[in-house]
Number of protein chains: 2
Amino acid sequence: MVQKEGTKEQLLRVSAELFRKKGYRATSMRDISRALGIKTSSIYYYINSKEDLLREISVKTMNMLIKAGEKVAFSPSPPEQKLKQLVISHVRLLCENLDLFTVTLHELTRTNASSFWKEIVGMRDRYETLVRGIIRNGKESGVFRNVSEKMAGFALLGMLNWIVRWYSPSGGKSIEDIARLWADIFLNGIKER
Amino acid sequence: MVQKEGTKEQLLRVSAELFRKKGYRATSMRDISRALGIKTSSIYYYINSKEDLLREISVKTMNMLIKAGEKVAFSPSPPEQKLKQLVISHVRLLCENLDLFTVTLHELTRTNASSFWKEIVGMRDRYETLVRGIIRNGKESGVFRNVSEKMAGFALLGMLNWIVRWYSPSGGKSIEDIARLWADIFLNGIKER
DNA sequence: GTCTATACTTTGATAGAC
DNA sequence: GTCTATCAAAGTATAGAC
């Protein structure tokens, strides 16, 4: 049985699409309502504010990422395998949910963050901790060199997250090929020789 | 003799500072004029529009990057040395001009780009070409593995550019240490064994 | 749930005096 | 070069009928 998309889900999906295309701030509630084929005021039946829209999108996005990350981090594989699996899962997730991740990663940076972003930033920190933990394990078991987990983690996440800036599903390279190459580059980069 | 900062330079500097902190779109001309201590209308003596402000900031930024990139790419060093030098120069440039680069890199993504961004996108492409060229040279001379220049280039630039998202001058790590570690990781990642 | 109508605020930008 | 005064447009959000 196929689940029909409710208005609320449609609202989040279309909003993310527009936020990605024009930016959160440059997208008006009128833009969103037009794209949905309803009046602007009707949107407020589903959410309390435009910021709520962004918050719901970001929470949903980070939940997907953390869930996938924990699955890998808590598996019984050795660090090298875990890191490779994490890279593949991360890249696939971003490429298959470009609107969600582009918006979340793009807006996540703002210092204006005030209180509203606390939740999202906390989730991002949780994911970073997972990544650093795997690198630390690899160092402890002697397969990775003695690199700073923090700096190596930033290097890896930057390398991976940047993909939302250029990836297009219609491009030539397959997601799996890109992910395998990058896992290979990073692993060889920190592996003990 | 110390060059005094003119109002125009001050305008660009303060604008970049605010754009970085709040985002281009969320920063109003009133915010900028307040920070400058002049009236909003006075800003228009120096520029034609808010978009012009962003364009001038971005052109200035990309010029710095390209100049540094060409200096490295056109040097007589072997590919391995060039890549290491490029990483160091790139990281240092971003960290020493955080406002300029954060704003430019952040806004550069927008699809809304229309005509105005053509110039900036062209400059970014020129820099990417430099990076890919060095990687290709390394492959040709057998020191780098047979990786896609495009994919490896994106990996490297993502890794480097991401630094604007977390770097703070007050942090513990020195710019040189970070750059050397990353050059090391990436070079070992693509080096022929 | 979706509509009409509208309140209220903020925005980028201009005209013209000094 | 900087000011005062002002505009027209666009923004988010609410009230209340259906």
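Everything below is about the structure printed above this text.
The following refers to the structure shown. (Residues numbered from 1 in each chain as written. Chains lettered and ligands numbered in written order. Predicted model: local features only at pLDDT ≥ 70, side-chain atom pairs only at ≥ 80, totals over all residues. Heavy atoms only, no water.)

1. A few points about the overall build of chain A
Point 1. Check the secondary structure of chain A and you find nine helices and zero strands.
Point 2. Starting at the N terminus and walking to the C terminus, you meet the elements of chain A as α-α-α-α-α-α-α-α-α.
Point 3. Taking the principal axes of its C-alpha atoms as reference, chain A extends roughly 60 × 40 × 35 Å.
Point 4. Across the 193 residues that make up chain A, the buried fraction comes to 53%. (Helix = DSSP H or I, 4+ residues; strand = E, 2+ residues; numbered from the N terminus. Buried < 20%, exposed > 50% of the residue type's maximum accessible area, 1.4 Å probe, protein only.)

2. Regarding the packing of aromatic side chains
Point 1. Applying the stated criterion across every chain, the model contains 10 aromatic pairs over all chains.
Point 2. Taking 6.2 Å as the distance between ring centres and 70° as the angle between the ring planes, the aromatic pair formed by Trp 166 of chain A and Trp 182 of chain A counts as edge-to-face. Placement of the pair is Trp 166 of chain A in the loop between α8 (149-161) and α9 (175-190) and Trp 182 of chain A in helix α9, with a sequence separation of 16 residues.
Point 3. Judged by relative accessible area, which is 0%, Trp 182 of chain A ranks as buried.
Point 4. Seen in terms of ring centroids, Trp 166 of chain A and Phe 154 of chain B are 4.1 Å apart; in terms of plane orientation they differ by 5°. Their pairing is stacked. Of this pair, Trp 166 of chain A sits in the loop between α8 and α9 while Phe 154 of chain B is found in helix α8 (residues 149-161), placing the two residues in two different chains.
Point 5. A relative accessible area of 7% means that Phe 154 of chain B is categorised as buried.
Point 6. In this structure an aromatic cluster arises from ring pairing among Phe 154 of chain A together with Trp 166, Tyr 167 and Trp 182 of chain B.
Point 7. Over the face of the ring belonging to Tyr 24 of chain A we find Lys 50 of chain A, whose NZ or CZ atom lies 4.6 Å from the ring centre. (Phe/Tyr/Trp six-rings, centres within 6.5 Å; stacked < 30°, edge-to-face > 60°. Lys NZ or Arg CZ within 6 Å of the ring centre and 35° of its normal.)

3. Examining the protein's contact with DNA strand C
Point 1. Taken together, 14 residues lie around DNA strand C, and Lys 39, Ser 41 and Tyr 46 of chain A together with Met 29 and Lys 50 of chain B are the ones closest in.
Point 2. A distance of 2.7 Å separates a base oxygen of DNA strand C from a polar atom in the side chain of Ser 41 of chain A.
Point 3. Ser 42 of chain A is positioned such that a nitrogen or oxygen atom in its side chain is 2.9 Å from a phosphate oxygen of DNA strand C.
Point 4. Put simply, the parts of the chain that give the surface near DNA strand C at least two residues each are α3 (40-43) of chain A together with α2 (29-36) of chain B. (Near = heavy atom within 4 Å. Polar contact = N/O pair within 3.5 Å; in protein donor to acceptor, adjacent residues only side chain to side chain.)

4. Overview of the nonpolar core
Point 1. Membership of the largest hydrophobic core comes to 138 residues, with the highest contact counts inside it found for Trp 182 of chain A together with Ile 163, Trp 182 and Phe 186 of chain B.
Point 2. When sequence neighbours within four positions are dropped, the list of residues in contact with Trp 182 of chain A reads Val 91, Met 159, Leu 160, Ile 163 and Trp 166 of chain A together with Met 151, Phe 154 and Ala 155 of chain B. (Core = buried A, V, L, I, M, F, W, Y, C linked by side-chain atoms within 4.5 Å. Contact = heavy atoms within 4.5 Å.)

5. Some thoughts on the protein's contact with DNA strand D
Point 1. If you check the shell around DNA strand D, you find 14 residues, and the closest are Met 29 and Arg 30 of chain A together with Lys 39, Ser 41 and Tyr 46 of chain B.
Point 2. Restricting the count to atoms of DNA strand D within 4 Å of the protein gives a sugar and phosphate share of 59%.
Point 3. One of the side-chain nitrogen or oxygen atoms of Tyr 44 of chain A is found 2.9 Å away from a phosphate oxygen of DNA strand D.
Point 4. A distance of 2.7 Å separates a phosphate oxygen of DNA strand D from a polar atom in the backbone of Lys 39 of chain B.
Point 5. Among the elements of the structure, α2 (29-36) of chain A together with α3 (40-43) of chain B are those that each provide at least two residues to the surface near DNA strand D.

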